[in-house]
Amino acid sequence: MAVGREEVAAWLEALAAAYEENRGWLTQLDSAIGDADHGANMDRGFRAVRAELARATGHDIAALLKQTAAILIKTVGGASGPLYGTFFLRAGAACAGKTALEPDDVARAFEAGVEGVRQRGKAEVGDKTMVDALAPALIAMREALAKGGDLGAALAAAAAAAESGMRSTVPLQARKGRASYLGPRSVGHQDPGATSAWLLLRAAADAWGGKRAG
Ligand code: ADP
Ligand code: MG
């Protein structure tokens, strides 16, 4: 299946629902190693995106993603606002001129987004950030497509890799962001941004890949 503007909008709607639903959990995770605002930040940002979506019509995919980026940069705040803003900005730029995304286009857009987050935040895998979920998801997506998998299979693999990446942050000591101020006391807690990144992938798998496996 190719992903059109409607599917992108459906994913953004699903993200708003996911962050609304998981606001308390994300905040709880951020209260252990941060300042207890990650759930509120993501919910506020995607609530604004959803409100804007209800009004927007006729945008192409790149315009929709760039508009999302601008709203997130304006409304999310914290460290994660500019990072997710960059993700959507770069992903949008990678979709320039396209009205439908083939699986390889989806992977290219996701790759551009993840690269943007890495450049902006300068975090590597193992630093206990959202990159710990995003980077393995990108590798899994690429591998699934290279093996001949369809978009649903690629997104399911990416979401599964993001989930294990998210869990892998628990024993790590944070080296980037607010949690790094805690030093060894950041060990033993799941990173909130890796968790919101997993939700982002899971929503894409749900919106574009059919039903969730379990
Ligand atoms: P803040 O830390 O400013 O309160 P949030 O609570 O919204 O912002 O987001 C915290 C999350 O941002 C962290 O859990 C982490 O995943 C992510 N993060 C922080 N700094 C970086 C960075 N330099 N690179 C990648 N992700 C980061
Ligand atoms: Mg915070």
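Everything that follows concerns the structure shown earlier in this document.
Here's what I pulled together on the structure shown here. Since the model is a prediction, treat every value here as computed from it, not as a measurement.

1. Structural notes on the nonpolar core
The biggest cluster of nonpolar side chains holds 62 residues, and the ones touching the most others in it are Trp11, Leu12, Phe46, Phe88 and Leu201. Residue assignment for this core shows that the elements contributing at least two residues are helix 1 (5-21), helix 3 (38-55), helix 4 (61-75), helix 5 (80-94), helix 6 (103-121), helix 7 (131-146), helix 8 (151-168) and helix 9 (192-208). Excluding anything up to four places from it in sequence, Phe88 contacts Trp11, Leu12, Leu15, Phe46, Leu65, Lys66, Thr68, Ala69, Leu72 and Leu200.

2. Some thoughts on empty space enclosed by the protein
A water-sized probe rolled over the atoms picks out the places where empty space is left. The tally for this structure, following the rule as stated, stands at two cavities of 30 Å³ or more. The volume enclosed by the largest cavity comes to roughly 190 Å³. Considering the residues around the largest cavity, the lining is formed by 17 residues, among which Trp11, Val106, Ala109, Phe110 and Trp208 are closest to the centre. Those elements that provide at least two residues to the lining of the largest cavity are helix 1, helix 4, helix 5, helix 6 and helix 9. Looking at side-chain class alone, the lining of the largest cavity contains 17 nonpolar, no polar and no charged residues. When its volume is computed, the second largest cavity comes out at roughly 30 Å³. If you go around the second largest cavity, the residues you meet are Val49, Glu52, Leu53, Leu64, Gln67, Thr68 and Ile71. Mapped by element, the contributors of at least two residues to the lining of the second largest cavity are helix 3 and helix 4. Tallying contributions element by element places helix 4 first for the lining of the second largest cavity, with four residues. Partitioned by chemical class, the residues of the lining of the second largest cavity number four nonpolar, two polar and one charged.

3. Side note on the site of ligand 1
Contacts to ligand 1 come from 20 residues, most closely from Asn41, Ala79, Ser80, Gly121 and Asp191. Within the side chain of Arg178, an N or O atom sits 3.3 Å from an oxygen atom of ligand 1. Relative to its free-state accessible area of 560 Å², ligand 1 is covered by the protein chains to the extent of 92%. Where the shell around ligand 1 is concerned, the elements lending two or more residues are helix 3, helix 5 and helix 9. Broken down by element, the residue count for the shell around ligand 1 peaks at three residues, all from helix 9.

4. Focus: the coordination of the magnesium ion (ligand 2)
Only Asp30 (OD), Asp35 (OD) and Asp37 (OD) from the protein coordinate the magnesium ion (ligand 2), and they sit 2.0 to 2.2 Å from it. With relative accessibility at 32%, the residue Asp35 sits in the partly exposed group. Its relative accessible area of 24% is what places Asp37 among the partly exposed residues.

5. Overview of the layout of surface pockets
Taken as a whole, the largest pocket encloses approximately 520 Å³ of empty space. Taken together, 27 residues make up the lining of the largest pocket; nearest its centre are Ala79, Ser80, Leu83, Gly177 and Arg178. Looking at the lining of the largest pocket, the elements with two or more residues in it are helix 2 (23-33), helix 3, helix 5, helix 6 and helix 9. Of the residues belonging to the lining of the largest pocket, the class tally is 10 nonpolar, nine polar and eight charged.

Rules and cut-offs
- Residues numbered from 1 in each chain as written.
- Chains lettered and ligands numbered in written order.
- Predicted model: local features only at pLDDT ≥ 70, side-chain atom pairs only at ≥ 80, totals over all residues.
- Heavy atoms only, no water.
- Core = buried A, V, L, I, M, F, W, Y, C linked by side-chain atoms within 4.5 Å.
- Buried < 20%, exposed > 50% of the residue type's maximum accessible area, 1.4 Å probe, protein only.
- Helix = DSSP H or I, 4+ residues; strand = E, 2+ residues; numbered from the N terminus.
- Contact = heavy atoms within 4.5 Å.
- 1 Å grid on protein atoms, 1.4 Å probe; cavity = no way out; pocket = protein on both sides within 12 Å on 5 of 7 lines; lining within 4 Å.
- Points joined across faces, edges and corners; volume = space filled by probe spheres on them.
- Nonpolar A, V, L, I, M, F, W, Y, C, P; charged D, E, K, R; others polar.
- Near = heavy atom within 4 Å.
- Polar contact = N/O pair within 3.5 Å; in protein donor to acceptor, adjacent residues only side chain to side chain.
- Areas by Shrake-Rupley, 256 points an atom, 1.4 Å probe, with all protein chains shown as cover.
- Donors = N, O, S within 2.8 Å, 3.2 Å for Na, K, Ca; no water.

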